[in-house]
Amino acid sequence: MKSTNVVEGVIDAFEQRGFVFAGKTDDGWFRLRGRLTPPQADKGYLCELQLDPSFFDLPRIQLLEIPPELPAAVPHIGADGGLCYIAKGTVVLDIYDPVGQSLACLERAANVLGQVLNGRLVEDLAEEFFAYWHGLFCFLDMQSKDLGEQNCLVAQENGRSLYFVTDDERRTTEKLKSLGYKIIDKTVRTYRVKTKAQPRPLTSHWPPETIGDILEWQSTLDPRCRRKIHERVKEGERKKANGSLIFIESPLMTYGFAVFYNRKHLVRKKKLVDRRDLSYQLKVMPISVVRIDDGYLAQRNIPNFKTLAGKNIAVVGCGTIGGYLADMLVKAGAGTLGGKLTLVDFDYLLPQNIGRHRLGFPDLLSNKAEAMSKELRRMAPSTEIRALPVDVRQTQLGKLDLLIDATGEESLGHWLCGHYPHPTPMLSVWIEGPGTAVRALIRTTASGACYRCIWHSNKRGKLHSTVEHSPIILAGHGCEGLYVPFPASVSVHAASLGTEMALDWVNGTYSPTLRTRLIDQTKQLATPDCDPFHDPECPLCNF
């Protein structure tokens with residue numbers, strides 16, 4: 001069916017329900033106007049429906065007639081009458097049934113409007129707060145919980161001023177440098193207060209336009225917080241600031257507003273009034289707060305779980321496994337909030353490494369540890385990363401929370417087990433054969449197997465990764481030397497398994513200590529994930 005016929009069919013279906021074609025939007029969507037009638041309602045409300053010609057996106061629905069009985073702020077209806085009836089990403093539209101799916105969206109919208117009119121979605125206001133509170137963007141790089149006055153860096157980008165509130169000017173400055181932003185001001189008064197109440201819009205007057213509106217609103221949420229806000233407003237005024245930024249930490253989110261001390265616009269009555277009363281007339285502007293602190297960036301994708309922030313972690317080997325692993329560890333919080341990530345490797349990146357390494361051609365002939373450290377600091381400027389371009393046997397790593405062996409070299413793995421015995425937790429990650437499987441072992445107890453124990457067990461035919469022995473396949477010739485061929489995807493598999501176990505470790509999950517992920521599906525897994533004890537023949541565990 002041609003697209004023109006499809007659109008005509010959808011429009012015809014809506015016209016049968018009383019809608020009329022009203023032209024196209026600037027971006028080419030089809031506009032129809034009609035009445036949106038909630039179930040069991042006596043009347044409908046004039047609305048405009050906009051249809052995506054490709055039917056990939058949800059129809060847009062805007063109420064042209066807001067029901068007069070509704071309060072000023074309600075869930076799912078924006079200030080312009082836009083109706084949010086389905087959360088984007090929660091449904092999959094059937095592009096092969098454009099008539100059915102479009103009519104289903106209309107029915108869903110009618111049901112949501114009916115629930116709004118009946119007051120059954122009031123709790124949704126808490127989740128929709130940002131739909132009613134938006135304005136100047138301000139970025140928060142706060143790792144402490146300190147309240148009161150804070151530092152604010154004003155940066156410039158393409159002639160636009162951006163505000164960055166920080167508890168560590170050095171750390172935030174590094175982030176701004178990485179973005180190419182220039183700091184132009186450090187004098188903006190900024191305050192932080194805390195509340196136990198979740199933000200919800202007022203139903204009587206919204207959005208707030210003055211400090212009086214703000215205080216009236218906060219009185220309905222948390223009277224104690226209201227007093228703190230008023231105190232901070234007056235403090236900024238006493239200090240002769242042109243304006244102040246005030247941020248409110250709530251259980252749901254951080255939000256805020258800017259207050260402007262433009263005394264020319266204060267309306268003075270003939271009778272004597274005190275300055276406290278005048279502060280109620282100060283103009284305010286909502287602020288959209290965007291968090292950029294390291295804790296949030298690492299925590300966002302794993303809510304309610306601990307990250308690697310604050311831990312002292314060393315990765316030995318920055319090659320095909322270690323490069324990707326270090327990248328993933330940083331994304332999981334390693335090197336932040338007082339923690340440190342140490343990368344150890346004395347080798348250099350050669351042309352033959354590039355095909356399956358996290359680094360690329362610009363790092364050719366660079367030391368792997370130093371190049372990875374530089375790349376990770378570019379990606380996460382405030383991360384504390386130390387590069388040791390030396391043989392690990394010639395250095396001291398000091399006290400560690402977690403030691404990770406990503407070298408894939410058996411003899412060096414055995415040496416690490418001997419020189420960093422329990423109680424130092426040690427995670428070993430390696431690739432079996434030509435990418436047949438990837439494995440990882442963590443040792444956290446004196447009775448648990450170490451990497452050398454697995455070697456002894458393998459010699460006796462135990463704890464193998466596959467039923468069939470992994471073949472020995474080598475490639476290369478001449479001066480290049482021989483190497484084990486496997487694609488970069490195998491390295492990523494190994495790094496992912498190592499990151500998974502590191503996150504389990506920091507969250508107190510140590511079992512299973514030996515894990516295997518089969519890559520070659522023509523093989524059969526020999527050893528399910530398990531918790532092997534130390535081997536009686538291991539000279540390290542039985543010393």
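In what follows, the accompanying structure is described. Nothing here was measured: the structure is a model prediction, and the numbers come from that model. (Residues numbered from 1 in each chain as written. Predicted model: local features only at pLDDT ≥ 70, side-chain atom pairs only at ≥ 80, totals over all residues. Heavy atoms only, no water.)

Moving on, we get to helix α2 (residues 98–117). Its 20 residues place the ends of α2 29 Å apart at the C-alpha level, agreeing with the 28 Å of an ideal helix rising 1.5 Å per residue. For α2, every residue scored as buried is listed here: P98, Q101, S102, L103, C105, L106, A109, A110, V112, L113, G114 and V116. G119 occupies a position one or two residues after α2 and carries a positive phi of about 70°. (Helix = DSSP H or I, 4+ residues; strand = E, 2+ residues; numbered from the N terminus. Expected span 1.5 Å × (residues − 1). Buried < 20%, exposed > 50% of the residue type's maximum accessible area, 1.4 Å probe, protein only.)

Below, the discussion takes up the pairing of strand β6 (residues 148–157). Burial within β6 is extensive, with seven of its ten residues counted as buried. The pairing of β6 with strand β9 (residues 189–194) spans three bridges and is classified as antiparallel. Paired with Q150 across the strands is T190, a residue of β9. Where β6 and strand β7 (residues 160–166) come together, seven bridges link them in antiparallel fashion. For A155, the partnering residue across the bridge sits in β7 and is L162. The antiparallel hairpin formed by β6 and β7 contains two residues in its connecting segment, where N158 sits at a positive phi of about 55°. Of the pairings in the sheet, the one linking β6 to strand β8 (residues 182–185) comprises three bridges and is antiparallel in character. (Pairing = 2+ DSSP bridges.)

What follows covers the environment of Y296. For Y296, the location among the structural elements is in helix α9 (residues 294–299). The partly exposed category is assigned to Y296, whose relative accessible area is 27%. The spacing of Y296 and G333 is 37 residues in sequence and 9.2 Å in space, taken between C-alpha atoms.

The next subject is the sheet that holds strand β3 (residues 45–51). Pairing in this open sheet of four strands is antiparallel, and the strands run β1-β2-β3-β4 from one edge to the other. Two strands bound the open sheet, and with one partner strand each, they are β1 (20–24) and β4 (60–63). For this sheet, the mean inter-axis angle between neighbouring strands, taken without regard to orientation, is 30°. (Axes fitted to C-alpha atoms, helices over the stretch in contact; angles between N-to-C directions.)

Let us now look at the sheet that holds strand β18 (residues 437–443). Read across the open sheet, the seven strands follow the order β15-β14-β13-β16-β17-β18-β19; overall the sheet is mixed. On the outer flanks of this sheet lie β15 (385–388) and β19 (514–518), each paired with one strand and no other. Across this sheet, the average inter-strand angle for adjacent strands is 15°, counted without regard to direction. Taken together, the four bridges between strand β13 (residues 312–316) and strand β16 (residues 402–405) define a ladder with parallel strand orientation. Along β16, the bridge assignment pairs V315 with I404. The sheet strands contacting helix α11 (residues 368–379) are β14 (340–344) and β15, and the helix crosses β15 at an angle near 165°. Across the sheet, helix α13 (residues 451–459) touches β17 (426–432), β18 and β19, and the angle it forms with β17 is around 40°. (Contact = heavy atoms within 4.5 Å.)

Looking now at the packing of aromatic side chains. Evaluation of the coordinates by the stated rule reveals six aromatic pairs. Measuring from ring centre to ring centre gives 6.2 Å for F21 and F30, while their planes differ by 45°; the resulting arrangement is tilted. You can call F30 buried: its relative accessible area is 13%. With 5.0 Å between their ring centres and 65° between their planes, W430 and Y451 make a pair best called edge-to-face. Of this pair, W430 sits in strand β17 while Y451 sits in helix α13, and the two are 21 residues apart along the sequence. Under the relative-accessibility criterion, W430 is labelled buried at 6%. (Phe/Tyr/Trp six-rings, centres within 6.5 Å; stacked < 30°, edge-to-face > 60°.)

In this chain, H422 is followed by P423 through a cis amide linkage whose omega measures 20°. Counting through the fold element by element, P423 comes out in the loop between α12 (410–419) and β17. S511 connects to P512 through a cis peptide bond whose omega is -5°. Relative to the assigned elements, P512 resides in the loop between α14 (488–506) and β19. Its identity is not glycine, yet F55 carries a phi of approximately 65°, on the positive side. With respect to the helices, strands and loops of the structure, F55 is situated in the loop between β3 and β4. For F55, a relative accessible area of 5% puts it in the buried group.

So, about the pattern of salt bridges. One pass over the structure, following the stated rule, counts 29 salt bridges. Among the salt bridges present, the one from R171 reaches D168, with a minimum N-O distance of 3.8 Å. Looking at R171, the relative accessible area reads 6%, which means it is buried. In this structure, E375 engages R358 in a salt bridge whose closest nitrogen and oxygen atoms are separated by 3.1 Å. Taken together, the positions of E375 in helix α11 and R358 in the loop between β14 and α11 put the pair 17 residues apart, joining distant regions of the chain. (Salt bridge = Lys/Arg side-chain N within 4 Å of Asp/Glu carboxyl O.)

Here we come to the nonpolar core. Note that soluble globular proteins tend to have their nonpolar side chains buried in a common cluster. Grouped together as the largest cluster of nonpolar side chains are 41 residues, with contacts concentrated most on L308, L329, L341, L343 and L427. Of all the secondary structure elements, the ones that give two or more residues to this core are β13, α10 (322–331), β14, α11, β16, β17, β18 and α14. Of all the elements, α14 adds the most residues to this core, at nine residues. Sequence-distant contacts of L343, defined by excluding residues within four places in its chain, comprise V315, C318, A326, A369, M372, S373, L376, I385, R386, A387 and L388. In this structure, V6, V74, I77 and I86 belong to the second largest nonpolar core, which totals 32 residues. (Core = buried A, V, L, I, M, F, W, Y, C linked by side-chain atoms within 4.5 Å.)

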